[in-house]
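The primary structure of each chain is shown beneath.
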Amino acid sequence: MDFIAGAIGGGLSTAVGYPLDTVKVRIQTERHYNGIWHCIRETYRTEKVWGFYKGVSASVLTVSAISSVSFGMYKNFLCTICKLRYGAADVKPSKLDVSLAGGAAGAARVVLMTPSEVAKVRMQTQRNPHPSIIASPQPVSKPKYRGSLHCLKVIAKEEGFGGLYKGCSALLCRDSSSSAIYFLTYSALCDWLTPAGKNKPGFLVVLLSGGFAGVLAWGLATPMDVIKSRMQTDESDQQKYRGLVHCARESVKKEGAKVLFKGLGLNCIRAFPVNMVVFVTYEAVLRLTEHYTKKK
């Protein structure tokens, strides 16, 4: 059931946070934006509202699948760790157990996640002027990618299988560490904010714990998120980066250490409502299922 609850939570959270995710990716990969508002204004001016939702349909489906894997694997890893350490899966896990299970779940989802992340980033950084702002009678060139699936097909054809896994190393570093912090923070805050005598946190506690867990996780993840996005926009015909270390070194050399924190504020702003939705949906689905199971 954790897989299903995670999938529903992930899908809903994508709908909430996708426009800000597009702005974040553009700020991280392109140097001509002066800040968040400049990026938002320019995107709306040239591409209207649709510019913020490029690749959203495929992203909802893939994030649902990835969130399902993340929550399901986390629960399974946690049960396995508890069995190995204490001899039973249903004992209360320690903070170390939660961190290890979270990190392992973050690492496990990278194989599934990388191709969809490559397609998402390429779609988000592709420029398609809105028809209403095109003044020239000259025909406008067609976009390279017509959609997320077409994008994956083109990348596989032009860059090979390896092109679908660009930025995999940065994504692994990002998700294994941030996922450990994510589940640890959520678990610790739920324990701290739940009154003694109650065995489950209330929904307000779940909302706050989920929101703050997301903010802390994305605060930690931002440097590797910048590197990942830059590696994934690096097309074969104009390749700039040879790998994770080279990308980090070149980015810092040209733009200073602050480049690693591009989009930090936006990540944290987006993370709070998105992860509130993730966890409250996850908990609601689990409790609803448990309620109807008991009635039967």
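Located above this text is the structure these notes cover.
Nothing here was measured: the structure is a model prediction, and the numbers come from that model.

1. Topic: the layout of surface pockets
- Counted as a void, the largest pocket has a volume near 980 Å³.
- At the level of secondary structure, the elements contributing two or more residues to the lining of the largest pocket comprise helix H3 (56–86), helix H4 (95–108), helix H7 (168–193) and helix H10 (264–295).
- Per element, the largest residue contribution to the lining of the largest pocket is seven residues, and it comes from H10.
- In the lining of the largest pocket, the residues fall into 17 nonpolar, five polar and eleven charged.
- Empty space within the second largest pocket amounts to approximately 410 Å³.
- Lining the second largest pocket are 20 residues, and of these Thr-29, Glu-30, Thr-125, Thr-233 and Lys-240 sit closest to its centre.
- Elements with a contribution of two residues or more to the lining of the second largest pocket: helix H5 (110–125) and helix H9 (244–255).
- Looking at the lining of the second largest pocket, the element that brings in the most residues is H9, giving four residues.
- When its residues are assigned to classes, the lining of the second largest pocket shows two nonpolar, six polar and twelve charged.

2. Digging into the packing of aromatic side chains
- In the structure shown here, the tally under the stated rule is ten aromatic pairs.
- Plain terms: the ring middles of Phe-161 and Tyr-165 are 5.3 Å apart, the flat faces sit at 40° to each other, and that makes the pair tilted.
- For Tyr-165, a relative accessible area of 25% puts it in the partly exposed group.
- Pairing Tyr-186 with Phe-279 gives two aromatic rings, centres 3.8 Å apart and planes at 10°, and the pair type is stacked.

Thresholds applied
Residues numbered from 1 in each chain as written. Predicted model: local features only at pLDDT ≥ 70, side-chain atom pairs only at ≥ 80, totals over all residues. Heavy atoms only, no water. 1 Å grid on protein atoms, 1.4 Å probe; cavity = no way out; pocket = protein on both sides within 12 Å on 5 of 7 lines; lining within 4 Å. Points joined across faces, edges and corners; volume = space filled by probe spheres on them. Helix = DSSP H or I, 4+ residues; strand = E, 2+ residues; numbered from the N terminus. Nonpolar A, V, L, I, M, F, W, Y, C, P; charged D, E, K, R; others polar. Phe/Tyr/Trp six-rings, centres within 6.5 Å; stacked < 30°, edge-to-face > 60°. Buried < 20%, exposed > 50% of the residue type's maximum accessible area, 1.4 Å probe, protein only.

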